[in-house]
Amino acid sequence: MYHNYKNVELVKPVGLDLKDRLVGVQRVTKVTKGGRTFGFSAIVVVGDENGVVGQGLGKSKEVSEAISKAVEDAKKNLVRIPIEKATLPHEQKGKYGGARVFLKPASEGTGVIAGGAVRAVLEAVGVHNVLSKSQGSSNPHNVVKATFDALLQLRNPLMVAKQRGISLDKVFNG
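Note that the structure is predicted; figures quoted are calculated from it, not measured.

Caption draft 1: Layout of the overall build of the chain. For the chain, the helix and strand inventory stands at five helices and eight strands. Mapped from its N terminus to its C terminus, the chain presents α and β elements in the order β-β-β-α-β-β-β-β-α-β-α-α-α. Seen along its three principal axes, the alpha-carbon backbone of the chain occupies a region of about 70 × 35 × 30 Å. Across the 174 residues in the chain, those meeting the buried criterion constitute 39%. Once local pairs closer than 6 in sequence are excluded, the contacts in the chain between residues at least 24 apart make up 59%. Surface accessibility of the chain: about 9,900 Å² in total, with carbon and sulfur atoms responsible for 50%. Distance between charge centres in the chain, computed from 26 positive and 15 negative side chains, equals 9 Å.

Next comes the structure, spelled out in structure tokens:
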């Protein structure tokens, strides 16, 4: 799922204190010759509020079963995100489908300025100070994936130095 990103570290859920957040539940309808059949689709974000986060989708005839399936799926897609001093290392844009998300680091005490699906993802990651803007589609599935796109492109100074093969001092002074 995250094979297009260079610095993605998949995380095993063993020993992590994961908290799940329900982003949205949709009722879906299948029309058959016997009438309409209703089902549910749930999107969930799980995270340890310390840099590890994952998102999952679950579908079922029952709401609670759809949510539990989504949580299990999210635990299979955990990734580590670089966060520094309860905010992001730098500005980043992400997109998925028609959804566009812009994330900007903020100073201490700002809080999470984000709406709906973006807020759920950022709080699950453990970011406490951030400014964000969501544009285009407000479909929660696409907004969550656009937020993940932005988060997975983040790099801290240590990662930059390692990728360039130079010292940390040269990243800032070079």
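Caption draft 2: How the structure looks around helix α2 (residues 116-125). Most of α2 sits out of view: seven of its ten residues are buried. Among the residues making up α2, those that are buried are A117, V118, A120, V121, L122, A124 and V125. The positive-phi residue at the C-terminal boundary of α2 is G126, with phi of around 110°.

Caption draft 3: Inspection of the sheet that holds strand β3 (residues 52-60) at higher detail. With antiparallel pairing, four strands are arranged side by side in an open sheet as β1-β2-β3-β4. Each edge of the open sheet carries a strand with a single partner, namely β1 (19-32) and β4 (79-80). When strand β2 (residues 35-47) meets β3, the two strands line up antiparallel, connected through eight bridges. Following the sheet pairing, F40 is matched in β3 by S60. The sheet contacts of helix α3 (residues 140-152) involve β1, β2, β3 and β4, and relative to β3 the element is tilted by about 155°.

Cut-off values and rules
- Residues numbered from 1 in each chain as written.
- Predicted model: local features only at pLDDT ≥ 70, side-chain atom pairs only at ≥ 80, totals over all residues.
- Heavy atoms only, no water.
- Helix = DSSP H or I, 4+ residues; strand = E, 2+ residues; numbered from the N terminus.
- Buried < 20%, exposed > 50% of the residue type's maximum accessible area, 1.4 Å probe, protein only.
- Contact = heavy atoms within 4.5 Å.
- Areas by Shrake-Rupley, 256 points an atom, 1.4 Å probe, with all protein chains shown as cover.
- Lys, Arg positive; Asp, Glu negative; His and termini not counted.
- Charge placed at Lys NZ, Arg CZ, Asp CG, Glu CD.
- Pairing = 2+ DSSP bridges.
- Axes fitted to C-alpha atoms, helices over the stretch in contact; angles between N-to-C directions.

Functional significance is not addressed by these values, which are geometric in nature.
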